[in-house]
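Given next are the chains, with one letter for each unit.
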Amino acid sequence: MASKIDCDNSDDDGVELVRKHFGGPEIRSFQQQVLKKRSITQHGESGLSPSLAFFLRVKCNTAANKAETISDVINDIPTLCNMLNSHVDKLIEFNKEEGNDMDEDERGAYEDEQHFICLQLIQVAKTSELQEEGSRRHFISIMRSMLSRLATPDDLVDACVKTMALAHDTEAHFLQTISEILVDIEDDISTDHDEKAIVVVRQMRTISILSFVLENIGGKMVGNPILTSTLQHLLPAVTSKNAVIREHGVICLSKFCLLSEEDKIMDEFKPLLMQIAGSVEERVEVRAQAMMALCDLSLLHKNMLQLSDESGSNESTTFKELLKEMLGHPKQGIAVIAAEVAAKLLLAGCFHDPEIIAWLLAIYFDASLTELEDDDDVDGSEVRKVGSPVRLQQLLSIFFPTYSMSSLDANDAIMASVGPLLTIVNGKLAGKKQAKALNQWPIAKMVEYICYNVDLADKKKDESTDGNVQPQVDDDGEEKEEVERHHQDEIVAEKDDDTVVEASSTLLAAIDIAEFLAEEGASAPTYYNRALAKMLGSASIDVDAEDTALLSRLKSQVAEAEYSTDDGPTVNQIKKLLTLLADVADAEEDERSISSEDTSDEREEEEQEELDEESVADATDKEDDSLGDESFTTATFERTNEKENVRQSMGSMKSPRLSMGSMKSVKELETEIEEIPSKRVSLGAVN
């Protein structure tokens, strides 16, 4: 802005504000202060101030001529590195001091200032691009020494690793330097902590460096031997006795797995992660990180969802079964993490499991989780973290409609989740005798929500199908819409007896509810059975438009449900649905009618086949009579064999399906008849 003040035409609003509120002397003083040359060494021993460090970093990033500006700000890279080292040393010495005169707020402010200055100097070094070989090597050595020291603050590790990655020409050289740094960390004894504390600090520094390294290298390093060698520094953290180190170790291991071959993952890392995720004695945070690692790997490798094919594998369950177990875990944190993982895998199309969807619905409608949404003390940062119940509620509110519209299999899976959902809620209500328990798991709202999403997906599918039909214009300029053709096809299909009728979501849900009442109603609480029966009694089913087979199935299940309960209100609600289904034929009658129709059709086919065989035999006899005496013996022999074959096939028709499969078609017999005369003529000519 200062450089644009003297310009006649400027679109910068800041320049206009300066001209408006400042006078001539103030503007010139402002320009002099801003545009004068400044460097990181102008303050001498007093060092940089946070404001000056920020100003110089922004100036280097936004300058038009970066090379000239950087040379003015920093004389050379060694000078910048020396300045950085001095501020890091100040910070380390300050952290070691305990008896200074500063209070807690002053100590925090001073520490934040030194952190900020160090970060700004590292950013300036990144801007300089480190093109000169000597300067680049010197900078790498300084970064290596800083990362190797355990006393270096953890807040600087990320910036040091990223800047050092830019200073290397290849990722392989960068990994080689990191490998050397990890070895130096094992040998560092510069801290004043005891031996156990030093081990913890070393492992945390190793994990921190490896995490940032794995985030900043590309997929081309998969299988690199240098990267593989870093695993020896990572595994001790995964098996550490410290829970915090184990948690960060599993996070780092998940990043390492993303850059490993599939065979190595299946043989080594998957069993380890499965053991951690399924361990009952492990902390929730560590198990959650293992679950998320398995989820990420399942999105990349489909074999993660199956058991290992190795004979020596110790796997006793699949990741999918482990996921179901954790969805029903009594600890809220594990169930929330498992629900988020399951939603991600379902939406990615890794599997379509109605039972897992039912667990997600039960968690989504669980009132004990939604109570946190009304808490005013919930921190916004906590809500955004994985494992937050509020975050899960927000994700699932979008997941169900999106998943139902993703594919036909997904929509069918949601519809099929009604049955498992009834069983899950029944298990949640076990031991609770009060009807108020339904307020926590409102089963009626759950089933209604399922039907709503299924119907919404069907509606969107129909709209998209109709939208794809475009009118066509022929040579005469007359429009011919494909809609008419589809309408005609639908009319023809309606006339066909084999037309498939798509069942409504209400009918399918009613069948699942009736089956539950018939099979598990005796073990369910009375108030739960009444709630389900009320849903059946109020179900709106169009008997004339639904499939007769499904209606018959519903009627039989509802009848069994009526016989399985003695509760008056439940029976009254069930009878309402039975009254609606009074004109529907029973399932046994439908089976008998279908079997009789099949038998009559098979008999007609047998009679038609016999008539065709007789007509073919007569035609053969007539042709044989017209042949000469020389070929009489041969013709008689062939005709006799043909008649015997026909009799055998007709005589062996004990089963309609077998006889029809063994009989020759009319076209095949006609072809054989046409070929017979030509053979006989050739035989007569030879004689």
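This report concerns the structure included in the present document. Everything quoted here is computed from the prediction, not taken from an experiment.

1. Here's the deal with the side chain of arginine 246
Mapped onto the elements, arginine 246 comes out in helix H13 (residues 243–258). Those residues within four positions of arginine 246 in sequence are excluded, and the remaining contacts are Ala237, Val238, Ser240, Lys241, Glu282, Arg283 and Val286.

2. Quick notes on the packing of helix H14 (residues 262–278) against helix H16 (residues 319–327)
Running from N to C, H14 and H16 point in directions that differ by 15 degrees, and their axes come no closer than 11 Å. Judged by the angle between their axes, H14 and H16 are roughly parallel. As H14 packs across H16, the resulting crossing turns out to be left-handed. Contact with H14, carried on its side by Met274, Ala277 and Gly278, involves Phe319, Leu322 and Met326 of H16 and no other residues of that element.

3. Focus: a negative patch on the surface
Together, Asp409, Asp412, Asp462, Glu463 and Glu502 give the surface a local cluster of negative charge. Listed by contribution, the elements that provide at least two residues to the negative patch are helix H22 (408–415) and helix H24 (443–467). For glutamate 502, the location among the structural elements is in the loop between helix H25 (482–495) and helix H26 (505–520). Glutamate 502 gets classed as exposed once you look at its relative accessible area, which sits at 56%.

4. So, the packing of aromatic side chains
This model, assessed by the stated rule, comprises 11 aromatic pairs. Ring centres of phenylalanine 256 and phenylalanine 269 lie 5.9 Å apart, and the angle between their planes is 90 degrees; this geometry places the pair in the edge-to-face category. With phenylalanine 256 in helix H13 and phenylalanine 269 in helix H14, this pair connects stretches of sequence that are 13 residues apart. Both residues of the pair, phenylalanine 256 and phenylalanine 269, count as buried. Relative to tyrosine 449, the ring of phenylalanine 400 lies with its centre 5.8 Å away and its plane at 85 degrees, an arrangement referred to as edge-to-face. Of this pair, phenylalanine 400 sits in helix H21 (residues 389–406) while tyrosine 449 sits in helix H24, and the two are 49 residues apart along the sequence. Side by side, phenylalanine 400 and tyrosine 449 carry an identical accessibility label, which is buried. Cluster of aromatic residues (ring-pair linked, three or more members): Tyr364, Phe365, Phe399, Phe400, Tyr403 and Tyr449. The aromatic ring of phenylalanine 94 is capped on one face by arginine 107, whose charged end is 4.6 Å from the ring centroid.

5. Brief notes about the state of the cysteines
In this structure the tally under the stated criterion is 0 disulfides. Looking at cysteine 118, it has no disulfide partner, and the nearest cysteine sulfur is the one in cysteine 160, 8.6 Å off. In this structure cysteine 118 comes out as buried when scored by relative accessible area, which is 0%. Just so you know, cysteine 257 is unpaired, no disulfide at all, and the nearest cysteine sulfur is the one on cysteine 252, 9.8 Å from it.

6. Looking at the packing of H16 against helix H18 (residues 354–364)
Axes are the key here: two packed helices are described by the angle between their axes and the distance separating the axes. The interhelical angle for the contact between H16 and H18, taken along N-to-C directions, is 25 degrees, at an axis separation of 10 Å. Compared by their axis directions, H16 and H18 come out roughly parallel. Pair H16 / H18 crosses with left-handed handedness. The residues of H18 that touch H16, namely those facing Lys320, Leu323, Lys324 and Leu327, are Glu355, Ile356, Trp359, Leu360 and Ile363. Here the contact of H16 with H18 is built from residues that sort into 6 nonpolar, no polar and 3 charged.

7. Describing the pattern of salt bridges
Here the structure, examined in full by the defined rule, presents 18 salt bridges. Across the pair glutamate 355 and lysine 324 runs a salt bridge, and its minimum N-O distance is 3.4 Å. With glutamate 355 in helix H18 and lysine 324 in helix H16, this pair connects stretches of sequence that are 31 residues apart. The exposure class of glutamate 355 is partly exposed, given its relative accessible area of 34%. Here arginine 553 and glutamate 515 are joined by a salt bridge, their closest N and O atoms 2.6 Å apart.

Analysis parameters
- What you see as residue numbers is a count from 1 along each chain, following the sequence as written.
- It should be noted that, the model being predicted, local features are given only for residues of pLDDT at least 70 and side-chain atom pairs only at 80 or more, the latter also being counted only at that level, while totals for whole chains, interfaces and linings use all residues.
- Remark: hydrogens and water are excluded; side-chain values derive from all non-hydrogen atoms of the structure.
- Strands are runs of DSSP state E lasting at least 2 residues, helices are runs of H or I lasting at least 4, and numbering of each runs from the N terminus.
- Residues count as neighbours in contact if any of their non-hydrogen atoms are within 4.5 Å of one another.
- The axes are straight lines fitted to the C-alpha atoms, using for helices just the contacting stretch, and the angles between their N-to-C directions are given from 0 to 180°.
- Note on angle classes: values under 35 degrees are labelled roughly parallel, values over 145 roughly antiparallel, values of 65 to 115 roughly perpendicular, and the remainder oblique.
- By convention the crossing between two helices is left-handed if the near helix lies anticlockwise of the far one by an angle smaller than a right angle, and right-handed if it lies clockwise.
- Patch members must show over 30% relative accessible area and no salt bridge, and they are joined within 9 Å when carrying like charges or within 5 Å when they are nonpolar side chains of Val, Leu, Ile, Met, Phe, Trp or Tyr.
- Using a 1.4 Å probe, accessible areas were evaluated by the Shrake-Rupley method; residue-level cover was limited to the displayed protein chains.
- Salt bridge, as used here: a side-chain nitrogen of Lys or Arg that lies within 4 Å of a carboxyl oxygen of Asp or Glu.
- Under the counting rule used here, the positive set is Lys and Arg, the negative set is Asp and Glu, and His together with the chain ends is not counted.
- For charged residues, the charge sits on one atom: NZ in Lys, CZ in Arg, CG in Asp, CD in Glu.
- When a residue's accessible area, from a 1.4 Å probe over protein chains only, is under 20% of the maximum for its type it is buried; when over 50% it is exposed; and in between it is partly exposed.
- In this analysis, rings of Phe, Tyr and Trp, with Trp reduced to its six-membered ring, are considered paired at centre separations within 6.5 Å, and the interplanar angle assigns stacked below 30 degrees, edge-to-face beyond 60, and tilted for intermediate values.
- Note on criteria: charge over ring means Lys NZ or Arg CZ within 6 Å of the ring centre, with the direction from the centre no more than 35 degrees off the ring normal.
- In plain terms, two cysteine sulfur atoms within 2.5 Å form what is called a disulfide here.
- Residue polarity is assigned by list, with Asp, Glu, Lys and Arg as charged and Ala, Val, Leu, Ile, Met, Phe, Trp, Tyr, Cys and Pro as nonpolar; anything else, Gly included, falls into the polar class.

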